[in-house]
Amino acid sequence: KINLTWHMVTNQAANDQLLNKVADAKGLNTISPTWFSIADTDGNISSLASQSYVTYAHQNGLEVWGLVDNFKEGVSTYETLSRTSSRQRLVNQLTAAAIQYGLDGINVDFETITTECSRAYIEFIRELSIMCRINGIVLSVDNFVPTSSSDHYDRAEQGVVADYVIMMGYDEHFAGGEPGSVSSISYVKNGISGMLEDVPKEKLINAVPFYTRLWIEAGDGSITSKAMGIADAKKWVDNNQVELTWQADTAQYYGEKQTNDGAWFLWMEEERSLKEKMNVVRQNDLAGVACWKLGFEDSAAWDSIQWN
């Protein structure tokens, strides 16, 4: 079973933090550093890959799945993927990087794919899967919780050609939206059920959040929020003496506090809620669990996502 965590790497120096960040991890067997991005519409990639990082990870029994994203501003994913030449360059550069650094896998995290881009996107996944298979590289693809607005990602075809399909089972309530849980148990259950309509269970990985959102409702009724890792959220609760109540419907602890600045709300993500999500993963006999992101958790969180 896969037990993966994403490691957000935004510069070369961040690679040196691997040792500290995985020191308390239990059961972890795969790490996915955010190393690669589409750099331009010709299909070139930018890279933060580190050979010493891969060597250290392998020495500690961790597979390394390098992540590639499409987050660079001003670079059109549609333009990049809709042309055979640029799509092929992207596939070739990713494959070459995986071979050069001895990566075990590639994790594709392309978001905000438009409907017009969908055919080119799935063709890219097909072509990358062929090169990965030839070279013994594991291919995984990240997906939102299924809704009609993301059907064009063609989860069924991903389930055929990719080794693993990962459901990002969070952001149920997100910045700029209505206050609520980041990942309630029904959201996770319904998401997994929807994914299993298209993807075989032996290929499906459910991703859980190592974070929550603190919601602030000002006196004028305006609402803002900020993301907090599990460790920081626990400190906030302690420092503000917030009383937490377990909610069966979300399978999370809920807390609120009235201040001079307005009302504060928190649906906690911590070891008990993670254990509830992990039970759903086990009940559906999925291929694994993934966590966003390394460094947000506390040591107790790792105990909840053990397979044994």
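Residues numbered from 1 in each chain as written. Predicted model: local features only at pLDDT ≥ 70, side-chain atom pairs only at ≥ 80, totals over all residues. Heavy atoms only, no water.

**Some words on the pairing of strand 2 (residues 30-33)**
In strand 2, alternate side chains face the same way, and those of Thr30 and Ser32 on one face and Ile31 and Pro33 on the other are all buried. When strand 1 (residues 2-7) meets strand 2, the two strands line up parallel, connected through 4 bridges. From the neighbouring strand, Leu4 faces strand 2, where its bridge partner is Thr30. Pairing of strand 2 with strand 5 (residues 63-69), which is carried by 2 bridges, proceeds in the parallel orientation. Bridged to Thr30 within strand 5 is Glu63. (Buried < 20%, exposed > 50% of the residue type's maximum accessible area, 1.4 Å probe, protein only. Helix = DSSP H or I, 4+ residues; strand = E, 2+ residues; numbered from the N terminus. Pairing = 2+ DSSP bridges.)

**Here we look at the packing of helix 8 (residues 185-196) against helix 10 (residues 271-283)**
Packed helix pairs are specified by the crossing angle of their axes together with the interaxial distance, meaning the distance between the axes. For the pair helix 8 and helix 10, the least separation of the axes is 10 Å and the interaxial angle reads 20°. In terms of their interaxial angle, helix 8 and helix 10 are classed as roughly parallel. Both helix 8 and helix 10 take part in a crossing whose hand is right-handed. Contact with helix 8, carried on its side by Ile185, Val188, Lys189 and Ile192, involves Glu276, Lys277 and Val280 of helix 10 and no other residues of that element. Of the residues belonging to the contact of helix 8 with helix 10, the class tally is 4 nonpolar, no polar and 3 charged. (Axes fitted to C-alpha atoms, helices over the stretch in contact; angles between N-to-C directions. Parallel < 35°, antiparallel > 145°, perpendicular 65-115°, else oblique. Left-handed = near helix turned anticlockwise from the far one by under 90°. Contact = heavy atoms within 4.5 Å. Nonpolar A, V, L, I, M, F, W, Y, C, P; charged D, E, K, R; others polar.)

**A closer look at the nonpolar core**
Trp35, Phe110 and Phe124 are the most contacted members of the largest nonpolar core, which has 69 residues in total. Ranked by residue count, the leading element in this core is helix 6 (residues 118-135), at 7 residues. Setting aside chain neighbours within four positions, we find Trp35 in contact with Val9, Asn15, Ser46, Ser47, Leu48, Ala49, Ser50, Tyr53, Val54, Val64, Leu67 and Leu103. Counting residues in hydrophobic clusters, the runner-up holds 15 residues, among them Leu4, Leu67, Tyr164 and Ala287. (Core = buried A, V, L, I, M, F, W, Y, C linked by side-chain atoms within 4.5 Å.)

**Looking at the pattern of salt bridges**
Side-chain pairs of opposite charge can arise whenever the charged atoms involved come near each other. Tallying each qualifying case throughout the model produces 12 salt bridges. Across the pair Glu157 and Arg126 runs a salt bridge, and its minimum N-O distance is 2.8 Å. Residue Glu157 is found in helix 7 (residues 155-161), and its partner Arg126 is found in helix 6; the two are separated by 31 residues along the sequence. In this structure, a network of salt bridges that share partners links the residues Lys1, Lys201 and Asp285. (Salt bridge = Lys/Arg side-chain N within 4 Å of Asp/Glu carboxyl O.)

**Things to note about the packing of aromatic side chains**
Taken as a whole, this structure holds 13 aromatic pairs when the rule is applied. Consider the rings of Trp35 and Phe36, whose centres lie 6.3 Å apart with planes at 75°: the pair is edge-to-face. When the ring of Trp246 is compared with that of Tyr253, the centres are 4.8 Å apart and the planes differ by 70°; the resulting orientation is edge-to-face. The exposure class of Trp246 is partly exposed, given its relative accessible area of 22%. With relative accessibility at 22%, the residue Tyr253 sits in the partly exposed group. We note Arg272 situated over the ring of Trp246; from NZ or CZ to the ring centre the distance is 3.6 Å. (Phe/Tyr/Trp six-rings, centres within 6.5 Å; stacked < 30°, edge-to-face > 60°. Lys NZ or Arg CZ within 6 Å of the ring centre and 35° of its normal.)

**Things to note about the side chain of Ser50**
Among the structural elements, Ser50 can be located in the loop between strand 4 (45-47) and helix 3 (51-59). Look at Ser50 and you get buried, because its relative accessible area is 9%. Within polar-contact distance, the side chain of Ser50 engages the side chain of Ser52 at 3.1 Å. For Ser50, the side chain forms a polar contact with the main-chain nitrogen of Tyr53, separated by 3.1 Å. (Polar contact = N/O pair within 3.5 Å; in protein donor to acceptor, adjacent residues only side chain to side chain.)

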